[in-house]
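Secondary and tertiary structure notes
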Amino acid sequence: ASAAAAASSEQNPVVQLEMSCSGLMNKDLMSKSDPFIAVFIQDKETLGASASVYPHTSTSGKVVQYGYKEVGRTETIKNTQNPSFATRIDLRYRFEELQTLVFAVYDRDSKSESLMQQGRLGYVRTSLGEVVSSNPMFVKPLAESAISFSHDKSELSGSGATDFF
C-alpha cells in the first residue's frame, strides 16, 4: 500500500492522504478483488477515555474501539489488484503528538458497510509522522496476520481485536 501526503503550512497542518495499492491478493473466485481502504487513527483523543474493547463515542462523535476511530474510507474499485483511489482523506497533523494510523485494505464481499462483512486483504500500521516525512510517497507492504493493538504497555490481541479491523 502506498500513500502520498500533501500538507499546508499551518502550525497543525491538514495532511491530505492519497492511497493506492499494487499486487493485492485475489480472494475472489470468479473475478479479481474489489478493494477499498478504511483508515483508522489512534491519538490523544481516542486514548483519552480508555482503550476499551467496547465501542464508545469520542468527543468528535466517532465510534472508538481499542483506542482507534475510523477517519475515512476510499471508494470500492471493482476487479483490480492494483487500485489507485480517488477518495482523499484529510487529517490534522500535530507535530507534538503520536498519531498512529492503520490502513486496512478490504475486498468488498457485501453491500453492507460493516467491515465484518468484508474480506480482509491486509493492513499497514504506521504513524502520520512517518507518512509525512516520507514525502512524496510512503510505501509499505501489507501485513496479513491478525492485528494486535498496543495501548500504553499492555497488549490487546485475539479474536475480538482482529474482528475490529
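Some remarks on the overall build of the chain
In terms of helices and strands, the chain carries three helices and 12 strands. For the chain, the residues scored as buried account for 42% of the 165 residues in total. The contacts in the chain between residues at least 6 apart in sequence include a share of 62% that link residues at least 24 apart. Carbon together with sulfur atoms contributes 51% to the accessible area of the chain, which is approximately 8,600 Å² in total.

Some thoughts on the confidence of the model for the chain
In the predicted model, the chain carries a mean pLDDT of 78, and 70% of its residues have values of at least 70. The model gives residues 146–165 a pLDDT under 50, and that stretch makes 45 contacts with residues more than four places away or in other chains.

Describing the pattern of salt bridges
As a working rule, side chains carrying opposite charge can pair if their charged atoms are close by. Overall, the coordinates contain five salt bridges when judged by the stated rule. Between E18 and R88 there is a salt bridge; the shortest N-O distance is 2.4 Å. With E18 in strand β2 (residues 14–20) and R88 in the loop between β6 (68–73) and β7 (89–92), the pair connects residues that are 70 residues apart, well separated along the chain. Where E97 meets R94, a salt bridge forms, and the shortest distance between an N and an O atom there is 3.5 Å. A relative accessible area of 11% places E97 in the buried class. A relative accessible area of 23% means that R94 is categorised as partly exposed. One network of salt bridges, with partners in common, ties together E70, R73, R108 and E113.

Description of the side chain of Q118
With respect to the secondary-structure elements, Q118 resides in the loop between β8 (100–107) and β9 (119–127). Classification of Q118 as buried rests on a relative accessible area of 8%. Polar contacts involving the side chain of Q118 include one to the main-chain carbonyl oxygen of S112, which spans 2.8 Å. Beyond its immediate stretch of four places on either side in the chain, Q118 contacts F36, Y106, D107, R108, D109, S110 and S112.

Conventions adopted
Every chain is numbered on its own, with residues counted from 1 as its sequence reads. Per-residue local features are limited, in this predicted model, to residues with pLDDT of at least 70; the limit for side-chain atom pairs, both in listing and counting, is 80 or more; totals at the level of whole chains, interfaces and linings are taken over all residues. The basis for every side-chain value is the complete set of non-hydrogen atoms in the structure, without hydrogens or water. Only DSSP runs of H or I with at least four residues qualify as helices, and only runs of E with at least two residues qualify as strands; both kinds are numbered from the N terminus onward. The buried label goes to any residue with under 20% of its type's maximum accessible area, the exposed label to any with over 50%, and the partly exposed label to all in between, with areas taken from a 1.4 Å probe on protein chains only. In this analysis, two residues are considered to be in contact whenever any of their non-hydrogen atoms come within 4.5 Å of each other. Computed with a 1.4 Å probe, the accessible areas rest on the Shrake-Rupley method; for each residue, only the protein chains presented here act as cover. pLDDT expresses, on a scale from 0 to 100, how confident the predictor is about each individual residue. Each salt bridge in this description consists of a side-chain nitrogen of Lys or Arg and a carboxyl oxygen of Asp or Glu lying within 4 Å of one another. Definition of a polar contact: a pair of N or O atoms within 3.5 Å, with one able to donate and the other able to accept a hydrogen when the atoms are protein atoms, and with sequence-neighbouring residues admitted only if both atoms are side-chain atoms.

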